[in-house]
Amino acid sequence: MKIEVKNLTKQYGNKRALDSISFMLNEPKIYGLLGRNGAGKTTFMEILAGQILSTSGEILIDGEKPFDNQKLTESICLIKEGHNFKKDLTIKHVLKISSYFYPNWDQSLALELVKEYNLDLKAKVKALSKGMESALGIIVGLASKAQVTVFDEPYIGLDAAARKKFYEILLEEYEKEPRTIIFSTHLIDEVSLMFEEVLIIQDGKLALQEDADVLRNSACAVSGTEELVENFIQDKEVIMTKKLAGMMTAYVVGHSEAAIAAGLSVEGVPIQELMIYLTERKGA
Ligand SMILES: Nc1ncnc2c1ncn2[C@@H]1O[C@H](COP(=O)(O)OP(=O)(O)OP(=O)(O)O)[C@@H](O)[C@H]1O
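Residues numbered from 1 in each chain as written. Predicted model: local features only at pLDDT ≥ 70, side-chain atom pairs only at ≥ 80, totals over all residues.

## With respect to the domain arrangement of the chain
- Splitting the chain by domain gives domain 1 (3–212) and domain 2 (217–283).
- Measuring from the centre of the C-alpha atoms in domain 1 to the corresponding centre in domain 2 gives 34 Å.
- Facing 11 residues of domain 1, the contacting portion of domain 2 comprises 8 residues.
- Mapped by element, the contributors of at least two residues to the side of domain 1 that touches domain 2 are α7 (188–191), β8 (197–202) and β9 (205–211).
- Counting residues per element, the side of domain 1 that touches domain 2 draws most heavily on β8, which supplies 3 residues.
- For the side of domain 1 that touches domain 2, the class distribution of residues is 6 nonpolar, 3 polar and 2 charged. (Domains from an automatic or database assignment. Contact = placed C-beta atoms within 7 Å. Helix = DSSP H or I, 4+ residues; strand = E, 2+ residues; numbered from the N terminus. Nonpolar A, V, L, I, M, F, W, Y, C, P; charged D, E, K, R; others polar.)

Shown next as structure tokens:
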């Protein structure tokens, strides 16, 4: 589905959560939606899912507005950081209700995942631990097979093994049936390899929209003796440096070939570091 965001603004009292933001998501891809706390990510996702109205501007999904548009919102599944389901429902009921709402619902995948995450179909949502409730959110997000599936920090309380399982299944399902997946998280290093395109929101504005590989290759981590690295970075844009026992690593914008030629060891820079750098620089 094609998502067109046009001059989208959301005002809460005197706080402008989104400030005339515009961009397009043209293809089914895995998008990483990143930004510092309070940047406006959740606000954007809630407008996209038709849960709240914008103050001005609009989001069009295949040309239609999502608010009060059930036909369209059947194709959008937003899984948030918790409170996704009514507390008195059992897991079985949550799956049943979801199966009525999402036309592409995959009940056998849902049941397989219930087993995978050791959940009891008869358990009520209010009796679940934080991690179990997150697992239920993930199950609904994956089994919805919604054409636009949005995960907003969906795994509070989930341990590392359970998160890894989620990433594996998400990728498997996405490869079988590509769809638009928007993933917002602060655990960027854990998931950034899944991203195909990255959007960074800062203070309600779009700071960056870039192909993930282009972003990864836009900087490099160069390491070597302190003297060699200091020499190399003199006239370059440096993201950060670390020194230890006479050795030094610097994250540098561009210049990977020159660094190899200078005899330095060269690796990629984590997207998380780039995000911090870009948001600090843009804020400056
Ligand atoms: N219902 C609301 N009423 C008032 N202000 C709000 C409301 N929802 C969000 N805000 C404010 O809007 C701004 C953007 O919030 P939002 O939740 O969209 O950010 P975020 O990028 O998702 O942050 P985080 O990463 O911390 O979840 C924040 O300053 C927040 O305090």
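## Here's the deal with the sheet that holds strand β1 (residues 3–12)
- Strand order in the open sheet formed by 3 strands is β2-β1-β4, with antiparallel pairing between adjacent strands. For this open sheet the edge positions go to β2 (15–25) and β4 (56–61), each flanked by a neighbour on one side alone. The mean inter-strand angle of the sheet, taken between neighbouring strand axes irrespective of direction, is 20°.
- Pairing between β1 and β2: 7 bridges, direction antiparallel. From the neighbouring strand, Lys-10 faces β2, where its bridge partner is Leu-18. (Pairing = 2+ DSSP bridges. Axes fitted to C-alpha atoms, helices over the stretch in contact; angles between N-to-C directions.)

## Observations regarding the site of the ligand
- The environment of the ligand is formed by Tyr-12, Lys-15, Ala-17, Gly-35, Asn-37, Gly-38, Ala-39, Gly-40, Lys-41, Thr-42 and Thr-43.
- Secondary structure elements with two or more residues in the shell around the ligand: β2 and α1 (41–48).
- When residues in the shell around the ligand are grouped by element, the largest group, 3 residues, is from α1.
- Of the residues in the shell around the ligand, the class split is 3 nonpolar, 6 polar and 2 charged. (Near = placed C-beta within 6 Å.)

## Notes on the packing of helix α4 (residues 107–116) against helix α5 (residues 130–143)
- In the contact formed by α4 and α5, the axes pass within 9 Å of each other and the chain directions differ by 155°. It follows from the interaxial angle that α4 and α5 lie roughly antiparallel. For the element pair α4 and α5, the recorded crossing hand is right-handed. Residues Leu-109, Ala-110, Leu-113 and Val-114 of α4 form the contact with α5, whose own contacting residues are Ile-139, Leu-142 and Ala-143. (Parallel < 35°, antiparallel > 145°, perpendicular 65-115°, else oblique. Left-handed = near helix turned anticlockwise from the far one by under 90°.)

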